[in-house]
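In case you want the letters, here they are:
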Amino acid sequence: NVGGSLADAIQMLENLKEAALTYVANVGGWSTNVGLFFHVFGHNSVNSLHLHMLDMDALGPTYWKLNYKNCPLDAVLKVLKEEHAASTAAAGSRSPSKPSFKKDR
C-alpha cells in the first residue's frame with residue numbers, strides 16, 4: 001500500500017475540497033458555482049497532484065478545449081469511498097468465524 005490507506009486518501013481529498021471551497025468563499029470574485037477537478041494520468045501535463053479550481057460561471061474557450069482532461073474531485077471521492085467500503089466488507093468476510101456455542105437439543 002504505497003503512500004497510505006484508502007481512508008488516508010479520502011481524508012486528504014476531503015481536506016483539499018474544504019480548503020478550496022473556503023478559499024473561494026473568502027478571497028472574493030468567485031461565484032458559488034465552483035468546479036474542482038484533477039487531470040487524470042494520461043491526460044496530465046504536470047506530474048504532481050494539484051487541484052484545478054474553476055469558477056463555472058466564468059469559463060473561457062480553453063475550458064471546452066481541455067474539458068476531456070477534467071475528472072471532478074467528487075467523482076474521485078465517490079470511487080475511493082466505494083472501494084474503501086468494498087475492501088472493508090471483504091476484510092470482514094475473511095475474518096475467522098466465531099465458534100457457535102449453541103446447545104444441541
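Above this text you will find the structure in question.
Below you will find a few notes about this structure. Predicted model only: the values in this text are computed from it and were never measured.

## What about the layout of surface pockets?
So, step 1. As a volume, the largest pocket reaches approximately 240 Å³.
So, step 2. In terms of lining, the largest pocket is formed by Leu 13, Phe 38, His 39, Val 40, Phe 41, Asn 44, Val 46, Ser 48, Leu 49, His 50, Val 76 and Leu 80.
So, step 3. Those elements that provide at least two residues to the lining of the largest pocket are strand 1 (34–39) and helix 3 (73–94).
So, step 4. Class assignment of the residues belonging to the lining of the largest pocket gives a composition of eight nonpolar, four polar and no charged.

## Observations regarding the pairing of strand 1
So, step 1. As paired elements, strand 1 and strand 2 (residues 52–55) share four bridges and run antiparallel to each other. Within strand 2, the position partnered with Val 34 by the bridge is Asp 55.

## Considerations on the nonpolar core
So, step 1. One finds Ile 10, Leu 13, Ala 20, Leu 36, Phe 38, Leu 51, Leu 73, Leu 77 and Leu 80 forming the largest nonpolar core, which totals nine residues.
So, step 2. Going through the elements one at a time, helix 1 (6–27), strand 1 and helix 3 are the ones with two or more residues in this core.
So, step 3. If near-sequence neighbours (up to four positions away) are discounted, Leu 77 is found in contact with Ile 10, Leu 13 and Glu 14.

## Quick notes on the sheet that holds strand 3 (residues 70–72)
So, step 1. In spatial order, the strands read 2-1-3; together these three strands make up an open sheet with antiparallel pairing. Each edge of the sheet is formed by a strand with only one pairing partner; in this case those strands are strand 2 and strand 3. Across the sheet, the axes of successive neighbouring strands diverge by a mean angle of 45 degrees, strand direction being ignored.
So, step 2. Helix 1 contacts strand 1 and strand 2 of the sheet and is inclined by roughly 140 degrees relative to strand 1.

How each quantity is defined
- Residues numbered from 1 in each chain as written.
- Predicted model: local features only at pLDDT ≥ 70, side-chain atom pairs only at ≥ 80, totals over all residues.
- Heavy atoms only, no water.
- 1 Å grid on protein atoms, 1.4 Å probe; cavity = no way out; pocket = protein on both sides within 12 Å on 5 of 7 lines; lining within 4 Å.
- Points joined across faces, edges and corners; volume = space filled by probe spheres on them.
- Helix = DSSP H or I, 4+ residues; strand = E, 2+ residues; numbered from the N terminus.
- Nonpolar A, V, L, I, M, F, W, Y, C, P; charged D, E, K, R; others polar.
- Pairing = 2+ DSSP bridges.
- Core = buried A, V, L, I, M, F, W, Y, C linked by side-chain atoms within 4.5 Å.
- Buried < 20%, exposed > 50% of the residue type's maximum accessible area, 1.4 Å probe, protein only.
- Contact = heavy atoms within 4.5 Å.
- Axes fitted to C-alpha atoms, helices over the stretch in contact; angles between N-to-C directions.

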